[in-house]
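Residues per chain are reported as follows:
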Amino acid sequence: MKKYLKFIYIGIVVLFLYLPIIALVVLSFNESKSMSVFSGFSLKWYEEMFSNRMIMQAVINTFTIAITASVTATIIGTFAAVGIDGMKTKQQNLILGFNNIPLLNADIVTGIALLLTFLMFGISLNWGTVYLAHVTFCIPYVILSVRPRVNKSVNTLYEAALDLGASRFYAFVKIVLPELRPGILAGLLLSFTMSVDDFVITHFTRGAGINTISTLIYSQVKVGIRPSLFALSTIIFALVLVMLLLVNFLSKGRKESVIY
Amino acid sequence: MTYKKSLAVPFIIWILAGTIIPIGAIAYYGLTDRNENFTLENVLAIGDSVHLQALWLSVLLALISTVICFLIAYPLAIIMRNSNLGKRGFMIFLFILPMWMNFLLRTMAWQVLLEKNGVINGVLETIGLPALEIINTPAAVVLGMVYDFLPFMILPIYNVMSKIDDSVIEAAYDLGASTSKVITKIYLPLSIPGIVSGINMVFIPSLTTFVISNMLGGGKINLIGNIIEQEFTVSSNWNLGSGLSLVMMLFIIVSMIFLERFDKTGEDSFI
Amino acid sequence: MKKIIFALSLTIIMVVLAGCGSGSGEKVYVYSYGDYFDPELIEMFKEETGIEVILDTYDTCEEMYPVIKNNSASYDVLCPSDYMIERLIEEELLSEINFDNVPNIKNIGDKYLEMSREFDPENKYSVPHTFGTAGILYNTEMVGDKVIDSWEDLWDEDFAGEIVMQDSIRDTFMVAEKILGYSLNTVDEEELKEASELLKKQKSLVYKYANDSARDILASESAALGVIWNGEYLYALELNDKLDFVVPKEGSQLFVDSWVITKTSENKENAEAWINFMCREDVAKKNFEYLTYSCPNVAAQALLDEDILNNEKVFLTEEMIDNSEVLKDLGPKGNELYSKYWKQFKAE
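Residues numbered from 1 in each chain as written. Chains lettered and ligands numbered in written order. Predicted model: local features only at pLDDT ≥ 70, side-chain atom pairs only at ≥ 80, totals over all residues.

Caption draft 1: Here's a closer look at the overall build of chain A. Within chain A one finds 11 helices and zero strands. For chain A, the N- to C-terminal ordering of α and β elements is α-α-α-α-α-α-α-α-α-α-α. In terms of its C-alpha atoms, chain A occupies a principal-axis envelope of roughly 75 × 65 × 30 Å. Taken across its 260 residues, chain A has 47% of its residues classed as buried. Counting only contacts in chain A whose residues sit at least 6 apart along the sequence, the fraction spanning at least 24 positions is 77%. (Helix = DSSP H or I, 4+ residues; strand = E, 2+ residues; numbered from the N terminus. Buried ≥ 20, exposed ≤ 12 C-beta atoms within 10 Å, placed from the backbone. Contact = placed C-beta atoms within 7 Å.)

Shown next as structure tokens:
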């Protein structure tokens, strides 16, 4: 009896979480524009989506920004996590405190603050400002994921390598980086996701004609929701599903949990 | 301690340019008027009835959403904790998958579902039930918040719960504790850190959102986030917008300190 | 590890290259209302001139204004409404159009250029794109026996939860001001207060405040009646033939939306080429067929069916034009006043 209750409970929550997604997927194959009646199977909204240049450009922008920003953030964040470890505790706390600000602050405040800064320095908004903004809010996630891996044992190994005559660079690449790898990968993945998912900060820092999927949807919804957006949702959902399954599968093989 | 501190230099520069200067910029705008003279007017403007009303509504809706998220997530975390490992992984997967879908698309989906002639009412009509009319009301906004932020409540609570030692629970049952006792005396105190971060991760984005209220509120629900966004777009009074943002930051800091206190006392009482 | 680094650097290089690839070539940055011209025209324009159109859209003029004012993003061509053009000219944010590059201006009827002089006194800055008026679009079945002919019908409690209002400062206030018999351009605080009180009273009856999406809400029968531009009538009718459109007897607002070029435009000649292209009769006709907003292009009008030209819901009669008012810029003080009461009404 109790078991049934559990199942029912989980079932209701899962239904709640997936109902909207299922609805979008079903409607994306709907022949008519109607949002309540399914009148027949059709792929025309997919065609419309792929031939819509604005949607395609937004998809390209979203991914180029996410890739470049998450890679930059990962590089800077990884070095920082290692560098911070060499500091005194007080310095560490101070820096980590600042690191937490973008994490804890409201997106709207971060976005506005960056917008004001760009304009104060006379930087006209463009692709680059979005990129810089995304790096800014991604770095803290990288540091959060990498820092726990920078611990005593890595230190000891690194020092041992130096004692044995390895150069600092060689020891760093051969000893430290492999030890940090799970953290780095987690940080990369996390920043990539945060970047793809971001709307608010992009909304405030984007320049002329720079739309990501999020900002495009925001303006399209105001004009009126078209089923081509449902097609886009379906494809994104399928991609996410495949990617998560893949990551899960790979990380299980290596016993490294990457996504949570 | 042999790593070079200099490795952190790019990061420190980035913090300076991407965090400290921007906050300085917002403080500068917030504390000056259009002619760049110092004023507290923009910050004190939170006292205007219009702004207070919006702030109050934001706090109210954010609180309701947080409580609902907690009530849904807590039993779920316990169920997940008590399942075997294979099932756990699958359940986590199930609960975070929607979170990876674009936030705007998820919110848009609810607009499609809830519209007066939308999916839900279409289904209700065919099975002969009365229509659900909550779109463009605060209820729809709360629904959107719960939907968008629920995983942020489930994950941290589950994380803490999964670390509770089985033997503690078994011992309690062996000593004759009832299930409700186990929940209130063991799970609850031990999972407080998870609850606190869950609350933080739901309450703050709900408090500051303007997207959800915009898309599901039909232009009738004005939260403090909407007011600030409007000052930057429609009204173009950036000084006022910045001043209100400062107040919002203060609000976030205060609620965090408050929650952290709670967190600490929770740990203390356990010891 | 090496492989990963290699793969990553490869993607970065590819991305950078892709970025550069699309960076070359002629461009024009267009910023207009959402869905305000046939998207196929973008392709057509590129094929003919080689100039790529980069399009961004806004929901209301007020949303566009700070972007241009602060030059936070640089656009070349805008398509704002009359009163906003007046404000942009006033604040020296527009550049004069070189009409040598826009010979197709000859296609725009004199009547419409004269209308433009209300906000652009010498016709130096703007080229009309569409014109029209606001009215009520309603579902003949859902309103039942009631005759819809007045703005006051939007306050009828029988339609509670079935009314759509515009979500744009001036256009929303317009409705209340017309009912009260005030000018659309009033800056009298008492009158504005009264108008905002009236709007507050209506709020509980309104299903949604929406601009461009209003037509979809009405076409899908989620609401029974709403304030909408006459240009949306034909579009909505195609989706739902139970819809009808009326310009209320109190009179309405006459708008002209025109192409203008920003002061900071870096592609001014491309911008002029775009405007010239939009004024060509076949383009204007194609655009009208897509958009169904009345077009001021007489050469294109000549290509249209008599039926459409004589449809007074699409092309306004002189009488309707005389009974309408054009929005004027209200100056900084007036704008602030409107913002204040707008915020109050929204917060209610």
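Back to the write-up after that little detour.
Caption draft 2: Local environment of the overall build of chain B. Secondary structure assignment for chain B yields 13 helices and zero strands. Shown N-terminal to C-terminal, the secondary structure of chain B runs as helices and strands in the order α-α-α-α-α-α-α-α-α-α-α-α-α. Scored against the burial criterion, the 271 residues of chain B give a buried share of 49%. Within chain B, counting contacts between residues at least 6 apart in sequence, those at least 24 apart form 73% of the total.

Caption draft 3: Region of the structure containing the interface of chain B and chain A. Contacts between chain B and chain A engage 67 residues on the former and 63 residues on the latter. Sorting elements by how many residues they give to the side of chain B that touches chain A places helix 1 (residues 9-30) of chain B first, with 13 residues. Of the residues that constitute the side of chain B that touches chain A, the class distribution is 47 nonpolar, 15 polar and five charged. (Nonpolar A, V, L, I, M, F, W, Y, C, P; charged D, E, K, R; others polar.)

Caption draft 4: Representation of the pairing of strand 2 (residues 52-58) of chain C within the structure. All names here are of chain C. Counted residue by residue, strand 2 has six buried out of seven residues, so it is predominantly covered. Of the strand pairs in this sheet, strand 1 (residues 27-33) and strand 2 are connected by seven bridges, and their pairing is parallel. Paired with Val 28 across the two strands is Val 53, which belongs to strand 2. One crossover worth recording links strand 1 to the parallel strand 2 by way of helix 2 (residues 40-49), and it is right-handed. (Pairing = 2+ DSSP bridges. Right-handed = clockwise from strand over helix to strand, strands pointing away.)

Caption draft 5: Molecular detail of the domain arrangement of chain A. All names here are of chain A. Its domain assignment divides chain A into domain 1 (1-42) and domain 2 (54-234). Taking only C-alpha atoms, the centre of domain 1 and the centre of domain 2 are 34 Å apart. Facing the six residues of domain 1 at the interface are five residues of domain 2. Residue classes in the side of domain 1 that touches domain 2 are distributed as three nonpolar, two polar and one charged. (Domains from an automatic or database assignment.)

Caption draft 6: Local environment of the interface of chain B and chain C. Contacts between the two partners involve 16 residues from chain B, matched on the other side by 22 residues from chain C. Across the side of chain B that touches chain C, the residue classes tally to three nonpolar, nine polar and four charged.

Caption draft 7: How the structure looks around the packing of helix 5 (residues 103-114) of chain B against helix 7 (residues 138-161) of chain B. Residue and element names in this part refer to chain B. Between helix 5 and helix 7, whose axes approach to 10 Å, the crossing angle comes to 140 degrees. In this view, helix 5 runs oblique relative to helix 7, as classed from their interaxial angle. Once helix 5 is placed against helix 7, the crossing between them reads as right-handed. Across from Phe 103, Arg 106, Thr 107, Trp 110 and Leu 114 in helix 5, the residues of helix 7 making contact are Ala 140, Leu 143, Gly 144, Tyr 147 and Asp 148. (Axes fitted to C-alpha atoms, helices over the stretch in contact; angles between N-to-C directions. Parallel < 35°, antiparallel > 145°, perpendicular 65-115°, else oblique. Left-handed = near helix turned anticlockwise from the far one by under 90°.)

Caption draft 8: Here's a closer look at the environment of B:Tyr147. Residue and element names in this part refer to chain B. Examined against the element boundaries, Tyr 147 turns out to sit in helix 7. Among the residues examined, Tyr 147 registers 22 C-beta atoms within 10 Å and is labelled buried. Counting along the chain gives 98 residues from Tyr 147 to Ser 49, while the straight-line C-alpha distance between them is 30 Å. Excluding residues within four positions of it along the chain, Tyr 147 makes contact with Arg 106 and Trp 110.

Caption draft 9: Structural detail: the environment of B:Thr32. Residues and elements named next belong to chain B. Within the secondary structure, Thr 32 is located in the loop between helix 1 and helix 2 (41-44). On a C-alpha basis, the gap between Thr 32 and Asn 239 in space is 6.7 Å, while along the polypeptide they are 207 residues apart. For Thr 32, the contacting residues outside a window of four places in its chain are Asn 37, Phe 38, Thr 39 and Asn 239.

Caption draft 10: Seen up close, the packing of helix 7 (residues 189-202) of chain C against helix 15 (residues 331-347) of chain C. Residue and element names in this part refer to chain C. The N-to-C vectors of helix 7 and helix 15 enclose an angle of 25 degrees; their axes lie 10 Å apart at closest approach. One finds that helix 7 runs roughly parallel with respect to helix 15. Remark: the crossing between helix 7 and helix 15 carries right-handed chirality. Only Leu 337, Tyr 341, Gln 344 and Phe 345 of helix 15 make contact with helix 7, whose side of the interface consists of Glu 189, Leu 192, Lys 193, Ser 196, Leu 199 and Lys 200.

Caption draft 11: Up close: unusual backbone geometry. Residues and elements named next belong to chain C. One non-glycine residue, Asn 123, adopts positive backbone phi at about 50 degrees. Checked against the element boundaries, Asn 123 lands in the loop between helix 5 (110-116) and strand 5 (126-139). Notably, Glu 221 is not glycine yet its phi reads approximately 65 degrees, a positive angle. Inspection of the secondary structure assignment puts Glu 221 in the loop between helix 8 (214-219) and strand 8 (225-229). Judged by local crowding, Glu 221 falls into the partly exposed class, with 17 C-beta atoms found within 10 Å.

Caption draft 12: Structural context of the confidence of the model for chain A. On average, residues of chain A score 89 in pLDDT, and 96% of them reach the 70 mark or higher. Across residues 255-260 of chain A, where pLDDT falls below 50, the model places 15 contacts with residues more than four positions away in sequence or in other chains. (pLDDT = per-residue confidence, 0-100.)

Caption draft 13: The environment of B:Thr184, seen in detail. Summarising the element assignment, B:Thr184 is placed in helix 9 (residues 179-190). With 12 C-beta atoms packed within 10 Å, B:Thr184 lands in the exposed category.

Caption draft 14: Fine view of helix 6 (residues 119-126) of chain B. Regarding helix 6 of chain B, the residues found buried are B:Val119, B:Ile120 and B:Asn121. Count one or two residues on from helix 6 of chain B and you reach B:Gly128, which has phi positive near 80 degrees.

Caption draft 15: Seen up close, the confidence of the model for chain B. Residue and element names in this part refer to chain B. Here chain B averages 90 in pLDDT, and 96% of its residues register 70 or above. Mean pLDDT in chain B bottoms out at helix 13 (residues 238-270), which sits at 79, and peaks at helix 11 (residues 211-216), which reaches 96. A low-confidence stretch, residues 266-271 (pLDDT under 50), is modelled with six contacts involving residues beyond four sequence positions or located in other chains. What the predictor reports for the complex is a pTM of 0.91 with an ipTM of 0.90.

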